[in-house]
Every structure is written in structure tokens, then in C-alpha cells.
Amino acid sequence: MHNNAISADAALEKLKAGNAAYMDALICTGDISPAVREKTYREGQSPYAVIISCSDSRVIPESIFMAGIGELFVIRVAGNVMDKHQIGSVEYALEHLGCRLVVVLGHTCCGAVDAAVNHDPDGYIKFITDEILRAAAGETDGYKACRLNVEQSVRIIKESLNIFGGGEDAPKVLGAIYHVDDGKVEFI
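Residues numbered from 1 in each chain as written. Predicted model: local features only at pLDDT ≥ 70, side-chain atom pairs only at ≥ 80, totals over all residues. Heavy atoms only, no water.

### Topic: the overall build of the protein chain
- Secondary structure assignment for the protein chain yields 7 helices and 5 strands.
- Along the protein chain, helices and strands appear, N-terminal first, in the series α-α-β-α-β-α-β-α-α-α-β-β.
- Taken over C-alpha atoms, the radius of gyration comes to 16 Å for the protein chain, in line with the 16 Å a tight globule of 188 residues would show.
- Considered along the principal axes of its C-alpha atoms, the protein chain spans approximately 50 × 40 × 30 Å.
- Classification of the 188 residues of the protein chain by burial places 44% in the buried group.
- Pairs at least 24 apart in sequence give 68% of the contacts found in the protein chain among residues at least 6 apart.
- Counting only carbon and sulfur atoms, one obtains 52% of the accessible surface of the protein chain, whose full area is about 9800 Å². (Helix = DSSP H or I, 4+ residues; strand = E, 2+ residues; numbered from the N terminus. Rg over C-alpha atoms; globule rule 2.2 N^0.38 Å. Buried < 20%, exposed > 50% of the residue type's maximum accessible area, 1.4 Å probe, protein only. Contact = heavy atoms within 4.5 Å. Areas by Shrake-Rupley, 256 points an atom, 1.4 Å probe, with all protein chains shown as cover.)

### Focus on the packing of helix H5 (residues 111-118) against helix H6 (residues 125-136)
- In contact at an axis separation of 8 Å, H5 and H6 are set at 70° when each is read in the N-to-C sense. In terms of axis orientation, H5 runs roughly perpendicular to H6. Facing Ala112, Val113, Ala115, Ala116 and Val117 of H5, the residues of H6 in contact are Ile128, Thr129, Ile132, Leu133 and Ala136.
- Class assignment for the residues of the contact of H5 with H6 results in 9 nonpolar, 1 polar and no charged. (Axes fitted to C-alpha atoms, helices over the stretch in contact; angles between N-to-C directions. Parallel < 35°, antiparallel > 145°, perpendicular 65-115°, else oblique. Nonpolar A, V, L, I, M, F, W, Y, C, P; charged D, E, K, R; others polar.)

### A few points about helix H1 (residues 8-23)
- In a regular helix each residue adds 1.5 Å, so 16 residues correspond to 22 Å; H1 covers 23 Å between its end C-alpha atoms and thus fits that length.
- Buried-residue contacts for H1 involve strand E1 (49-53), helix H3 (61-64), strand E2 (72-76), strand E3 (101-107), strand E4 (172-178) and strand E5 (185-187). (Expected span 1.5 Å × (residues − 1).)

### Overview of the sheet that holds E5
- What the 5 strands build is an open sheet, ordered E2-E1-E3-E4-E5; its pairing is mixed. Unpaired on one side and paired on the other, E2 and E5 mark the two borders of the sheet. Between one strand axis and the next, the sheet turns through 25° on average, direction left out of account.
- In the sheet, E1 pairs with E3 via 4 bridges, with the strands oriented parallel. Bridge pairing links isoleucine 51 to valine 103 in E3. (Pairing = 2+ DSSP bridges.)

### Observations regarding the packing of aromatic side chains
- This structure, assessed with the given rule, holds 3 aromatic pairs.
- With a centroid separation of 6.2 Å and 25° between ring planes, the pair formed by tyrosine 124 and phenylalanine 127 is classed as stacked.
- Using a relative accessible area of 59% as the deciding quantity, one classes phenylalanine 127 as exposed. (Phe/Tyr/Trp six-rings, centres within 6.5 Å; stacked < 30°, edge-to-face > 60°.)

### Digging into empty space enclosed by the protein
- As enumerated under the stated definition, the model contains 1 cavity of 30 Å³ or more in all.
- Each pocket or cavity is described by its volume, and for the largest cavity that value is around 30 Å³.
- As for the largest cavity, its lining consists of Ser7, Ala8, Arg100, Glu168, Asp169 and Ala170.
- Within the lining of the largest cavity, the residues separate by chemical class into 2 nonpolar, 1 polar and 3 charged. (1 Å grid on protein atoms, 1.4 Å probe; cavity = no way out; pocket = protein on both sides within 12 Å on 5 of 7 lines; lining within 4 Å. Points joined across faces, edges and corners; volume = space filled by probe spheres on them.)

Here you go:
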């Protein structure tokens, strides 16, 4: 394990505490100072969690969890769907950066989920919406379809990476839903 890594449980508690602080915050308090920029430049990054989130401009993991530079390894893609590129990024964070927690963060009012379950898009977005349609399995309620999509991405990560060798150091993969109306993260 990476020498600066913390356990999955400790990382989850940091995320929960950060989201609790975010709920009433007017500004993000994550450390983005010149000192931390210099430190991460010299020493590299040691994020405590991987967050796979949607590209939606209202969903900013560093703010939602009150994290600063070098604290989260964020992978953003519309609909928080998983393909080989995202899985490779997760693998990198686990194997080379020592992260022990992976969170797939869907959100309410997701345009990609809406496009998948209520419309018939074409073009490149269809690659995304087809993945969401498979996960939603006929569900048309936006929240339920979002949750099913998150759960599918969690399954894909677990099945794709051999990260569950057991033991206390084994990484954890969790799903979560960010509620855009009030800022609360609901861990699944």
C-alpha cells in the first residue's frame, strides 16, 4: 500500500465530514494555497479517495466534500458511466496512488440519465445513454434510474478490477447520489 494511504473507512468518514461542512458553507474551504501546490508539485499527489462523477457543472466533488488540491482523484464523465478509460484511471489510483476508497457519485436531475430514459439521442452521446439504458432496465423515474446507473458502475468496477483480495487493506467501492437541490450526498 502507498505510504500515505488511509483506510477506506477513514476516507469515507472524511468524505462524510466534508459533505456535512459543505451543506451550510458559503465558500469551499479546501486547501488550494501556494504551499499545497508547491508540496504536491515536489512530493506528488496522495489522494484519499477516487470519485467518479458526472461532468455536470453543478456537481463539483472537491467542493461537495470540501477537499483541496491533492485530496481527491476525480474522474468525470457524463452519466458517470464506466468504460476501459475510466476503469484504467481507477486502477491507476488504487495501484499507484494507494487510494482505498472508490465512490461512484451520481446525482439528481442528471441530463444524461434523462436523455437515456426519456429521449432517443443520437451521435456520440448514444454511447453514454446506451450504457445508462442498460443499467436502468426500463426504469423511467429519474432518481431510480440514476441509482440503478450508479449501482451498475459500482458492479463494473468490482468485476473489472481484482481489488477484493480480502483483508483490512482491500479497497472499497461504494455508490452515492448527490442531491443538487440541497447538496446532501446519500451513500448507497
